[in-house]
Each structure stands twice: as C-alpha cells, then as structure tokens.
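Working through the structure, step by step
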Amino acid sequence: MAQKPSTPKGTRDFSPNEMVRRNYIFDTIKQVFQRYGYLPIETPAMENLSTLMGKYGEEGDKLIFKILNSGDFKEGVDLSLNSKQLTNKISEKALKYDLTVPFARYVVQHQHEITFPFKRYQIQPVWRADRPQKGRYREFYQCDADVIGSTSLLNEVDLVQMIDEVFTTLKVPALIKINNRKILNGIAEIIGEKEKIVTITVAIDKLDKIGIDGVNKELQENGLSNEAIQKLQPLIEFQGTTLEKLNFLKKLLASSNIGLSGIEEVEYIFKTINNLKLNSADIELDITLARGLNYYTGAIFEVKATIGTLTSSICGGGRYDDLTSIFGLLNMSGVGISFGADRIYDVMNELNLYPESVTESTKLLFVTFGEAEQNYCLPLLSIVRKAGLNSEIYPDANAKMKKQMSYADDKKIPFVVIVGSDEMESGLLSLKNMATGEQEKISIDNIIKKIK
RNA sequence: GUGGCCAUAGUUCAGUUGGUUAGAAUAUCGGUUUGUGGUACCGAGGGUCGUGGGUUCGAGCCCCAUUGGCCACCCCA
C-alpha cells in the first residue's frame, strides 16, 4: 500500500509562488545587510553537540535536535545511564539551534584570518525540537547580522537602522523595543537579589501576558523575598516616555554602577537614533524586556509587527560580551540581530504586503501551433534571452492554444507571442498583452524594446 | 514537557438518534471552441473516512490507544 506522504512535524514545503515571496524577503534583508558593510558566511547544518550544549539554558538543551551516531550506536554503551548521560554517549552531533553560537565558534576557529571588527551576515535554517504552534516551526530561517570585536555603541545604532530599513522596505509596521541587561542587573542589585537575576527577568518579561499580580506571584514562588518584590513594584508599574523612564531609572539605580552604565548606553543609543531619524519603525525603551537567551550582557532588542495577528517577535538580538570565551577567545564583545524570516513571511502573507512584481518571473511566452512554428521561434527565443528577458516557449508542439494561454495566465506571464503561418511569412509577430488583452503585429526587435 | 480542540477527495468542508452504493465546492484533466487565457456550460478521474484495536447484526459517526494538525502554557525567530 502506498504510504501517505507528509513532511515531519513542524516543517513545510514551499511551492514556487511561495518561494518567490520568501526570496523577496531574503533579498531585501540581504541587500540591507550588504549596504551596511556586512559580508556573508555559512556554517554547517550540524555542529558538534558539545559546541551547542549549555549555551541556551537548560530548556534550550532539551530543544536541540540530536543526531544519532552512525554505525551501531549502542555498542559498548551502558544502557542503564540516565537519559542525559546516555544522550552524550550515543550522539555527538546536533542540528544547529541558532546562528549566533556557531558564529562564535567560527570566529574563535578562524581568529587568525579575521580582521576585527568583523561584520558578518548569515541566512540559514535552524532547527528546534519545540512543539509547533502559531508562528513557531521546527525548521525556520534566521537572518543574522553580527559585529564582533568592537564595543562601540555605534554598532547598536547601525543595527537599529538596519531593522528600520528592512521593515520599511517590506512595508511591515514595526515596533523596536530596546532594553539593556545591565539595567536589569542593576535592578537585581538594588533590591538585594543579585543572584536571582534570571528569575526576575523571566518573570518581568511576562508582564504583558500575566499582569502585575501574575508577575509578583511568580517571583514569590521562585523564592524572592517580599521586601524585594515590594522594591520592584514602582519599577514594573512605571509608565512614561523614554526620557521619563531614563530619569526615573537614574534615581532608582543611583547606587548601582552597572545599572548606571546600562542607562548611559541606552541613552546614547536613543539620542543618536533620534538625531538620525528612522524611516517608519517606532522605537521604545521597555524595561520589562528581558529575553531568555543566557548569553546577552548589554543591549537587547526585540521587534514586533504592530499589525496582524502574530504577537510573537519577528526579530531579536543583543550584545554578548563573553560568548567566544567558552571556546577560548577572551575579550571579544559582539552584538547582533536576527530576523525571523518565517514569521515575517507569515505576517506579510496575512496582510498580503508583497508588491505585484514579485510573482512575475517569466516575461514572455512563445505560443505556437506545431513543430514548424516551434523551430521558427527557437532562434527568436535565444535573441530575446540574450537581451536579458526571462522567456520560454511552450514545449509540447501539439498543445492546443487554449492550453498554452491558460499556462501563461496561470504563471502570470504578462506577454505572449503567438506564431503561426501568417507570422512566419511576414516576420511580424503577434504580441498579446495578457493584462489588457491588446494585440499587435510587431517585429522581434520592437518586442524587446517594448517589454524591456 | 503540560493542557484544550480537531482529523472525511490535491485543498476547504457537509455527512441526521449508528443503517444499503460517502456528497458539495474548489483544483486537475477533457469537451462546447483544432488562431486566443482569466467568465460560462457539460463531462471525467480522484476517498480502504489519519493509523491500530474494541463495542455492535451493522461504525465516517460510539469507546480505547497511537500518530499528525491547530491553539494556549513553557520558551522563542
């Protein structure tokens, strides 16, 4: 019996009309990256398991797709080990979980060939063993741009401008949220719960979803003292403009050096951006923005689309001061952003934000009535192609005209050339504009001039 | 990893308290129209009802398990 074909859970196929839309997104992002001086690299789909483990927190480790060792993977393995130990025995490779950690590995491995600061971009799929749902896939493309080997905040400014430029071009209204891990550290310091920083940030991050009572409850459950929770209240509740937020924080964190340095960084980024002006994106300081990935140490970014039903982020990033030290390279601060191409694709599909031209690939189709006409058209087809026009001829000589026209219509080909005995005699071809239905007799040279 | 809803043609869905041969729309192919597409009309092909088991004289419908999908939590792009 034939088995019912399907793709694995959380993965999908992309047909031609979907791929042209996706490529439009990829091309837009790529162009912006290159305009800001970033160059492409590529890393393997799989990494050594040891490269990835421990970089994304305990939850992240569980979500890494592990690859079973080839050969008899259970030979010589003590099967009574617990699953975590067993995993390390039977799997030594894994599919990459993001592009940032493999990039850190790349930088350390190639440090002697690289001129710093090093600006690279990378557009590749990553895999997560998450349970799929709206906007969440097990295979999805990330589009990363990172600078490594520079602590200048100008890099952060650059990245914000790039985000604005991408979403302006794609016509996706976007809100860029910015915060700084140092501010969060400062807050943890002030309320006397320095070591609970992760708990605090994760809880605060949920403010939008569960409200202030929910956040307090979660903090309490995670062992934060009532005193600390009380001290946290004015901060969580604070509303105001970015300037007001900054002034408020300056007072609150006056005794925390790390907190003040975070404020200073944010202030610089906002001032500079305000002077330069963004094209369309909105930007705000969100002191409840935390982000889960453990490696961030400075600025953190998150971008959401302000239209459509997708509420999760479509772009995220931040500064990491210490990521390469795990692989033995110290003092190499980096900052980067990652566009979630699949989520951007979903938002754009929902609202149909694509320009008309993206679906158009072939410009001109030769419609013929038989072999003689086909042979007559072949040299013409070459001429048209050499002139740089995407064009094709219907391959089956005996196909009815209706079929050939339907083909053109279905493929959204804007022009067809119809060639029969009249045309072959006169050398003037019938050119039909599929949108208007107009038709004229015209030479091949004029066709090229007209369409190009 | 936890919870909720769902699963019938390629796709979107009907299918009565369990009852004979499982329907529609759309898509595909063909025809009306062998030099004119997107409209219209006619016709054809396409389903062991996700899979496995159970209850029953009888299951698309009821029960159990399993797999997959959607959604929420967790986490994240």
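The notes below deal with the structure included here. Not measured: the values here are computed from a predicted model.

**Section: helix H9 (residues 207-221)**
The end-to-end C-alpha separation of H9 is 16 Å, well short of the 21 Å expected for 15 residues at 1.5 Å each. Taken as a whole, H9 carries its principal kink of about 75° at Asp213. Among the residues making up H9, those that are buried are Leu207, Gly214, Val215, Asn216, Glu218 and Leu219. On the buried face of H9, the contacting elements are helix H8 (197-205) and helix H10 (226-237).

**Focus: the packing of helix H1 (residues 16-35) against helix H13 (residues 341-351)**
The geometry of a pair of packed helices is captured by two quantities: the angle between their axes and the separation between those axes. Between H1 and H13, the least distance of the axes is 10 Å, while the angle of their chain directions is 120°. When the axis of H1 is compared with that of H13, the two are oblique. Judged by the twist between their axes, the crossing of H1 over H13 is right-handed. For the pair H1 and H13, contact is made by Glu18, Arg21, Arg22, Tyr24, Ile25, Phe26 and Ile29 and by Ala341, Asp342, Ile344, Tyr345, Met348 and Asn349, respectively. Of the residues that constitute the contact of H1 with H13, the class distribution is eight nonpolar, one polar and four charged.

**Side note on unusual backbone geometry**
Note the cis peptide between Phe116 and Pro117, where omega equals 0°. The topology assignment puts Pro117 in the loop between helix H5 (100-109) and strand E5 (118-127). Phi angles above zero are rare outside glycine, and Lys277 is one such case at about 70°. Tracing the backbone shows Lys277 in the loop between helix H12 (257-276) and strand E8 (282-285). Relative accessible area serves as the criterion here: at 61%, Lys277 is assigned to the exposed category.

**Brief notes about the packing of H9 against H10**
Where H9 meets H10, the axes come as close as 9 Å, and the angle between the chain directions of the two elements is 165°. Considering the angle they form, H9 stands roughly antiparallel to H10. Crossing angle aside, the handedness with which H9 passes H10 is right-handed. Contacts from Leu207, Ile212, Val215, Asn216, Leu219 and Gln220 of H9 reach H10 at Asn226, Ile229, Leu232, Gln233, Ile236 and Glu237. Residue composition of the contact of H9 with H10, grouped by class: seven nonpolar, four polar and one charged.

Rules used throughout
Residues numbered from 1 in each chain as written. Chains lettered and ligands numbered in written order. Predicted model: local features only at pLDDT ≥ 70, side-chain atom pairs only at ≥ 80, totals over all residues. Heavy atoms only, no water. Helix = DSSP H or I, 4+ residues; strand = E, 2+ residues; numbered from the N terminus. Expected span 1.5 Å × (residues − 1). Bend = angle between axes of the 7 residues up to and from the residue. Buried < 20%, exposed > 50% of the residue type's maximum accessible area, 1.4 Å probe, protein only. Contact = heavy atoms within 4.5 Å. Axes fitted to C-alpha atoms, helices over the stretch in contact; angles between N-to-C directions. Parallel < 35°, antiparallel > 145°, perpendicular 65-115°, else oblique. Left-handed = near helix turned anticlockwise from the far one by under 90°. Nonpolar A, V, L, I, M, F, W, Y, C, P; charged D, E, K, R; others polar.

This is a description of form; function is not addressed.
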